[in-house]
Amino acid sequence: MGSYDDRDGQIWLDGKLIPWRDAQVHVLTHAMHYASSVFEGERAYNGKIFKSVQHSERLIKSGEYIDVPIPYTVDEIEAAKYEVMKANGFSDAYVRVLCWRGSGNDMGVASQANPVRMAVAAWEWGNYYGDAKFKGAKLDISKWKRPSPETIPCFAKASGLYMICTMAKHQAEAKGCSDAMMFDHRGYVAEATGANMFFVKDGEVHTPDPDCFLNGLTRQTVLDMLKEKGIKTHVRHIMPEELEGFEQCWLTGTAAEVTPVGQIGDYNFEVGTMARDISESYEKLVRS
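Residues numbered from 1 in each chain as written. Predicted model: local features only at pLDDT ≥ 70, side-chain atom pairs only at ≥ 80, totals over all residues. Heavy atoms only, no water.

Undergrad: Give me the pairing of strand 11 (residues 204-208): which residues, what numbers.
TA: The element strand 11 is extensively covered by neighbouring structure, given that four of its five residues are classed as buried. Inspection of the sheet shows strand 11 paired to strand 12 (residues 233-236) by four bridges, in the parallel sense. Directly across from Thr 207, in strand 12, lies its bridge partner Val 235. The parallel pair strand 11 and strand 12, bridged by helix 6 (residues 217-228), forms a crossover whose chirality is right-handed. (Buried < 20%, exposed > 50% of the residue type's maximum accessible area, 1.4 Å probe, protein only. Helix = DSSP H or I, 4+ residues; strand = E, 2+ residues; numbered from the N terminus. Pairing = 2+ DSSP bridges. Right-handed = clockwise from strand over helix to strand, strands pointing away.)

Undergrad: Give a description of the packing of aromatic side chains that names residues and reports values.
TA: Evaluated as defined, the whole model comprises 12 aromatic pairs. With 5.9 Å between their ring centres and 85 degrees between their planes, Phe 50 and Tyr 282 make a pair best called edge-to-face. Residue Phe 50 is located in the loop between strand 4 (48-49) and helix 2 (52-65), and its partner Tyr 282 is located in helix 7 (residues 273-286); the two are separated by 232 residues in the primary sequence. A relative accessible area of 3% means that Tyr 282 is categorised as buried. When the ring of Phe 199 is compared with that of Phe 269, the centres are 6.3 Å apart and the planes differ by 50 degrees; the resulting orientation is tilted. With Phe 199 in strand 10 (residues 196-201) and Phe 269 in the loop between strand 15 (267-268) and helix 7, this residue pair connects regions lying 70 residues apart in the sequence. Taken together, the aromatic side chains of Tyr 4, Tyr 94, Trp 123, Trp 125, Tyr 128 and Tyr 129 make up a single cluster linked through ring pairs. The cationic tip of Arg 7 hangs over the ring face of Tyr 4; the distance from NZ or CZ to the ring centre is 3.9 Å. Cation over ring: Lys 61 sits above Tyr 65, and NZ or CZ is 5.7 Å from the ring centre. (Phe/Tyr/Trp six-rings, centres within 6.5 Å; stacked < 30°, edge-to-face > 60°. Lys NZ or Arg CZ within 6 Å of the ring centre and 35° of its normal.)

Listed below in structure tokens is the structure:
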């Protein structure tokens, strides 16, 4: 489809639709220098954005976490998202909502005098990990760790928190991997660069406690699915040495959806029945 700044279509910017190529900001935008921005990634299926309201609510909460007050209500954000979908003629699409501190009277670290802006874009996006849904994604083990909640607002979906994720994924791709698994600051298994993780052992599921990273909406959806299926699930701290004993693994995220994992570092996993069942069940749920 070409570069993301050179496409046909419409983007919602600060209250109105404008041509895609005209959606630009000044180089002295505060967020570009100090990462004063938050965002949401969402998927629409059959014209309906999955858990759309929850995403809009989380966007506003993320803004509160990093002192970027969102100047729109949930209803206004919802209307903007569906306006973009309609304007671009999309039924199935990925929707990105971004709020940031723009250009203004402040160009130092503080930015309270600068306006908060919002944009909504949508595009068609296939499987995030390509054919990994069938054969299982291959993950590197990153040297970068998820930081302590005492150092960052770790429960915000804030752009700056993804810097180490970008670095980790670049290193993983250089090794022929799809993504990287990260430990947290204490050495526990945490998450991938943009997705939560689940493991299977003896018919039971184990997933890291999201006490220092984002508790994804897809993660929460899958936990509800597991409960409905009567599968015992343990939300807990997972030690690195436990990876060897797990039989299956999968990732969850809006972009990743539910993607089985075949390998993490030197550890191999079966793309087994439970992983496939959860992936297929999720696909049915979002299109129901």
